[in-house]
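# Descriptive structure summary
Listed below, chain by chain, are the residues.
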Amino acid sequence: TTEELLARRKVLHQAMAKNLREELQHSTESQAEKLMVLLVSRAAGQLEVFSGDESKADVNVNSFKLGGQDWVCVGAPQSTLYDVAVYYEIEVSNPQGNLRTGFAGTCFSGNCPGTDEHSWAIDEYGSQRHRGEFENIGLGGSWFRSGGVLCLALDMKAGRLLVRSGRASQGNQWREASTGVMPGKEVGPRIFPVVSG
């Protein structure tokens, strides 16, 4: 009868609604768990792959390996505050292929820093890159060898990016790589360290 069909339909509808609620709750809990892991790692300033194929990058807390034919970009997008000085070093263990390291603004969405207006980079030849253009700053590519070190310092108040090949104990001079490296409308509200290869 019609009443029995309506009753069955009501039971079926209630069961479907219950299943959908449970599925939604499970999905929400799973997403919240993933976001908490990301939030904790970002609060600690840990490296993360934010563009490119994650399977081609082996990222640990303070080190990484990049491999493959395509660019993979690793950085610490939550580690830098506005209006401070930032310093970091890249030590090369097994130089192969291409490498760019520098800083990117939060508007950066590419795989390779230095190719747009949102990022500044030093390449494996020691050239400064920004907006897809490169400039020889006299650094040379001697740092891109096994055991080589590249030091980068950014003064966000002055907007100056300085680089040096080798550690301070080696007596190498700082070179100005770029000016105008600071957060803003075009770049984004924050700037952070980035490495791509």
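Provided above is the structure to which this section pertains.
As a starting point, this report considers the structure included with it. Treat the numbers as computed from the prediction; the structure is a model and nothing was measured.

Further remarks concern the overall build of the chain. The helix and strand inventory of the chain stands at one helix and 13 strands. Here the chain holds 197 residues, and the buried ones make up 36% of them. About 12,000 Å² of surface is accessible on the chain, with carbon and sulfur atoms providing 51% of the total.

Next up on the list: the pairing of strand E11 (residues 160-165). The buried fraction of E11 amounts to five of the six residues, a majority that puts the element mostly inside the structure. Relative to E11, strand E10 (residues 149-155) runs antiparallel, the two being bridged by six bridges. The residue of E11 that forms the bridge with Leu154 is Leu161. In this antiparallel pair of consecutive strands, E10 and E11, the connection spans four residues, and Gly159 shows a positive phi of 70°. Across three bridges, the pairing between E11 and strand E12 (residues 175-178) is antiparallel. Across the sheet, the residue bridging to Val163 is Arg175, located in E12.

What follows concerns the packing of aromatic side chains. Remark: the centre distance and the inter-plane angle together describe each pair of aromatic rings, the angle taken between the planes. Enumeration according to the criterion identifies three aromatic pairs in this entry. Ring geometry for Tyr87 versus Trp174: centroids 6.2 Å apart, planes at 75°, classification edge-to-face. Residue Tyr87 is found in strand E5 (residues 85-91), and its partner Trp174 is found in the loop between E11 and E12; the two are separated by 87 residues along the sequence. Looking at Trp174, the relative accessible area reads 34%, which means it is partly exposed. Centre to centre, the rings of Tyr88 and Phe103 are 5.4 Å apart; their planes meet at 75°, and the pair counts as edge-to-face. Residue Tyr88 is found in strand E5, and its partner Phe103 is found in strand E6 (residues 100-105); the two are separated by 15 residues along the sequence. Each member of the pair Tyr88 and Phe103 is classed as buried.

Quick notes on the rules
Residues numbered from 1 in each chain as written. Predicted model: local features only at pLDDT ≥ 70, side-chain atom pairs only at ≥ 80, totals over all residues. Heavy atoms only, no water. Helix = DSSP H or I, 4+ residues; strand = E, 2+ residues; numbered from the N terminus. Buried < 20%, exposed > 50% of the residue type's maximum accessible area, 1.4 Å probe, protein only. Areas by Shrake-Rupley, 256 points an atom, 1.4 Å probe, with all protein chains shown as cover. Pairing = 2+ DSSP bridges. Phe/Tyr/Trp six-rings, centres within 6.5 Å; stacked < 30°, edge-to-face > 60°.

Function-wise, these values are silent; they only describe arrangement.
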